Amino acid sequence: MDTAPLPLSIPFDNSYASLPDQFYSRQSASTVSKPELIAFNRPLADLLGITGGQDSELAEIFGGNKITDGAEPLSQLYAGHQFGQYNPQLGDGRAILLGETIGRDGQRRDIQLKGSGRTPYSRGGDGRAWLGPVLREYVVSEAMHALGIPTTRALAAVLTGEQVIRESVLPGAVLTRVAQSHIRVGTFQVFSARKEFDALRQLLHYTIARHYPETDGPLGFLKRVIESQARLIPQWMGVGFIHGVMNTDNCQIAGETIDYGPCAFMDSYHPMQLFSSIDQFGRYAFGNQPDIIVWNMAQLASALVPLMPDAQDAIELFTKAVHDMVPLLKKNWIRVFSAKIGISDPREEDEILINDLLNLMAEGRADFTNTFAALGTAKARDEFLVPDKFDLWEVRWMERITGLDNVEETLSKSNPILIPRNHRIEQMIQAAVSGDYYLFQRLSEAYSAPFTKNHSFDDLRHPPNDSEIVRATFCGT
Ligand code: AMP
Ligand code: MG
């Protein structure tokens, strides 16, 4: 006999809501007319300690209609540099933090609704999201997680029954995002710029206790954030990921990938590949990401200076910490790309070997994912414009990895077969807008095991044909 599922229970254990008022505005989600559950990530819910909940209840809660026990809804204040320009006040313009749980793994995480209506930080915006970006974030963030890259996650997607007006009238939706926290570089910037140094100090203490408890003080903290980001960005690059909008408000202190707006995975490789339609000058192009993260860390450093007893000392120490990030990024980049070619003990000179391969790939715009996936097989050379040049590279490579047995198996651990290709995401969104979620389900399943060969997903390995190519991505807010 079927038993009705128990009511939803979320074991909230909130801490951000205990910070003073100036950190946020208490704000409930706007109600929506007809919430319908599109997806609920049960394994993630289990990890968070969430139990029960049937679809209609989940739709009410994660669509924003019902406040569940223990939630203390609020929108967070932050600022940030957007495309290099400081914007003194941003904040959650369309997001509401329900609260935090401490998961089965002991990790504290935020549960946040995104697209849940206007807040005091909405400025001119409607506080809403439409279905497209919600499904994109759901699929791409979960794919990133499966690829082993630190990221915010997706707990639920709900169709609201509301219409959202963008270039056209579109179905509204709400995403439930889960993150180690939503503290950003821009959260530090806002209090520093406003000269609210007590709040800034309190934020530092809170953030250290939450994310970097083994360190203390502004300098130790800065170094730890730098280390996290210096790990993250090379991991993006290793899968051909372009974030697209690395503003300081989209740069999370815990070192997770956050904000899947105009992001994209590259099909054909070019170091300066760019998709975002709002990035006029290519500031956030693929190959610029390491420089930009250093720039972002310099902004964090500047924001922390007032917490140091001596400004001159602080500037010297912080400048050194930020400069030290450059070789650290390089080291991690070499580690990521060495692993992609089967080298587990990278040496400095391997950089040349890797760059020579990438240059050959760029020459003929080889498919990034498929080229790495084909290395060590007879098919690899077909990916290159001038296969003979690849043959020469391959000889040098083989020499470097002599002694490595099981080349194919070793490589397959660092080279995914499946990445969320832009054209597939677009096709999924188009189908969903017309009410068909089959592709959403299928892509979610396929991308949950990106390193595993599964012939039923072979079609998802193909790069787009000419008519399918996505040339630009949009913020889609
Ligand atoms: P993003 O580009 O998504 O990082 O957003 C930048 C800022 O704009 C953040 O403060 C967002 O909360 C805000 N924002 C984005 N879309 C909307 C919207 N539809 N309504 C209100 N605020 C928004
Ligand atoms: Mg953002």
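Residues numbered from 1 in each chain as written. Chains lettered and ligands numbered in written order. Predicted model: local features only at pLDDT ≥ 70, side-chain atom pairs only at ≥ 80, totals over all residues. Heavy atoms only, no water.

### As for the overall build of the protein
- Tallying secondary structure elements over the protein gives 15 helices and 12 strands in all.
- In terms of overall size, the protein behaves like a compact globule, its C-alpha atoms giving a radius of gyration of 23 Å where 477 residues would be expected to give roughly 23 Å.
- Considered along the principal axes of its C-alpha atoms, the protein spans approximately 65 × 65 × 45 Å.
- The buried share of the protein, taken over its 477 residues, is 56%.
- A separation of at least 24 residues holds for 71% of the contacts in the protein among residues at least 6 apart in sequence. (Helix = DSSP H or I, 4+ residues; strand = E, 2+ residues; numbered from the N terminus. Rg over C-alpha atoms; globule rule 2.2 N^0.38 Å. Buried < 20%, exposed > 50% of the residue type's maximum accessible area, 1.4 Å probe, protein only. Contact = heavy atoms within 4.5 Å.)

### Notes on the site of ligand 1
- The local shell around ligand 1 holds 18 residues, among which Gly91, Gly93, Arg123, Gly127 and Asp259 are the closest.
- Note that a nitrogen atom of ligand 1 is positioned 3.2 Å from one of the side-chain N or O atoms of arginine 94.
- Aspartate 126 has a polar side-chain atom sitting 3.0 Å from a nitrogen atom of ligand 1.
- For ligand 1, the protein covers 88% of the area, taking 480 Å² as the surface of the free molecule.
- When grouped by side-chain class, the residues that make up the shell around ligand 1 number two nonpolar, eight polar and eight charged. (Near = heavy atom within 4 Å. Polar contact = N/O pair within 3.5 Å; in protein donor to acceptor, adjacent residues only side chain to side chain. Areas by Shrake-Rupley, 256 points an atom, 1.4 Å probe, with all protein chains shown as cover. Nonpolar A, V, L, I, M, F, W, Y, C, P; charged D, E, K, R; others polar.)

### Things to note about the packing of aromatic side chains
- One pass over the structure, following the stated rule, counts 22 aromatic pairs.
- The interplanar angle of 70 degrees and the centroid separation of 6.1 Å between the aromatic rings of tyrosine 212 and phenylalanine 221 together place this pair among those described as edge-to-face.
- Since its relative accessible area comes to 0%, phenylalanine 221 is described here as buried.
- Members of the aromatic cluster, joined through ring pairs, are Tyr269, Phe286, Trp333, Phe337, Phe368 and Phe372.
- Its end group placed over the ring of tyrosine 78, arginine 184 keeps NZ or CZ at 4.1 Å from the ring centre.
- The ring of tryptophan 295 has arginine 283 sitting right over it, with the charged end atom 4.7 Å from the ring centre. (Phe/Tyr/Trp six-rings, centres within 6.5 Å; stacked < 30°, edge-to-face > 60°. Lys NZ or Arg CZ within 6 Å of the ring centre and 35° of its normal.)

### Side note on helix H14 (residues 422-433)
- With 12 residues, H14 should cover 16 Å at 1.5 Å per step; its first-to-last C-alpha distance of 17 Å lies within 8% of that length.
- Every buried residue belonging to H14 is among Asn422, His423, Arg424, Ile425, Met428, Ile429, Ala431 and Ala432, and all of these are buried.
- Downstream of H14 by one or two residues, glycine 435 has phi in the positive range, about 95 degrees. (Expected span 1.5 Å × (residues − 1).)

### Observations concerning the pattern of salt bridges
- According to the stated counting rule, one finds 31 salt bridges in the structure shown.
- Aspartate 356 is paired through a salt bridge with arginine 396; the nearest N and O atoms lie 2.8 Å apart. Of the two residues, aspartate 356 sits in helix H10 (residues 350-363) while arginine 396 sits in helix H12 (residues 387-400), which places them 40 residues apart along the sequence.
- Arginine 396 gets classed as partly exposed once you look at its relative accessible area, which sits at 38%.
- Within the structure, one salt-bridge network assembled from shared partners comprises Asp13, Glu100, Arg108, Asp110 and Arg210. (Salt bridge = Lys/Arg side-chain N within 4 Å of Asp/Glu carboxyl O.)

### Section: the domain arrangement of the protein
- Split into domains, the protein comes out as domain 1 (16-179) and domain 2 (335-414).
- Centre-to-centre, using C-alpha coordinates, domain 1 lies 40 Å away from domain 2. (Domains from an automatic or database assignment.)

### With respect to helix H5 (residues 197-211)
- Between its first and last C-alpha atoms H5 spans 21 Å; for 15 residues at 1.5 Å apiece the expected length is 21 Å, and the two agree.
- Taken as a whole, H5 has its buried residues at Ala199, Leu200, Leu203, Leu204, Tyr206, Thr207, Ile208, Arg210 and His211.
- Taken together, the buried residues of H5 touch strand E6 (95-102), strand E7 (108-114), helix H4 (185-193), helix H6 (217-238) and helix H7 (289-304).

### Looking at the environment of glutamine 430
- Secondary-structure assignment places glutamine 430 in helix H14.
- In this structure, the C-alpha to C-alpha distance between glutamine 430 and glycine 132, residues 298 residues apart in sequence, is 8.0 Å.

### Quick look at the pairing of strand E9 (residues 153-165)
- Pairing analysis gives four bridges linking strand E2 (residues 36-40) to E9, with the strands arranged antiparallel. Looking at E9, one finds that phenylalanine 40 is bridged to alanine 156.
- Once E9 ends, the chain turns through three residues before running back antiparallel as strand E10 (residues 169-179). (Pairing = 2+ DSSP bridges.)

### Re the side chain of serine 15
- Structurally, serine 15 is set in the segment before strand E1 (24-26).
- Excluding its chain neighbours within four sequence positions, the residues that come into contact with serine 15 are Glu100, Arg108, Tyr206 and Arg210.

### Focus: the packing of H10 against H12
- Interhelical geometry of H10 versus H12 gives an angle of 155 degrees and a closest axis separation of 11 Å. On the basis of their axis angle, the class for H10 and H12 is roughly antiparallel. As H10 runs across H12, the sense of the crossing is left-handed. Listed contacts from H12 to Asp350, Ile352, Leu353, Asp356, Leu357, Leu360 and Glu363 of H10 are Lys389, Phe390, Trp393, Arg396, Trp397 and Arg400.
- In the contact of H10 with H12, the residues fall into seven nonpolar, no polar and six charged. (Axes fitted to C-alpha atoms, helices over the stretch in contact; angles between N-to-C directions. Parallel < 35°, antiparallel > 145°, perpendicular 65-115°, else oblique. Left-handed = near helix turned anticlockwise from the far one by under 90°.)

### Focus on the side chain of aspartate 110
- Its place among the elements puts aspartate 110 in strand E7.
- Classification of aspartate 110 as buried rests on a relative accessible area of 1%.
- Only 2.8 Å separates the side chain of aspartate 110 from the side chain of histidine 182, close enough to count as a polar contact.
- Side-chain polar atoms of aspartate 110 contact the side chain of arginine 210, separated by 2.7 Å.
- Not counting chain neighbours up to four residues away, the residues in contact with aspartate 110 comprise Gln76, Leu97, Gly99, Glu100, Arg177, Val178, Ala179, Gln180, Ser181, His182 and Arg210.

### What to know about the environment of valine 134
- Turning to its location among the elements, valine 134 is positioned in helix H3 (residues 131-146).
- Taking C-alpha positions, valine 134 is 9.1 Å from glycine 172, a pair spaced 38 residues apart along the chain.

### Observations regarding the state of the cysteines
- Counting across every chain of the model gives zero disulfides.
- As a non-bridged cysteine, cysteine 251 has cysteine 263 as the owner of its nearest cysteine sulfur, 16 Å distant.
- For cysteine 263, a relative accessible area of 3% translates into the label buried. (Disulfide = S-S within 2.5 Å.)

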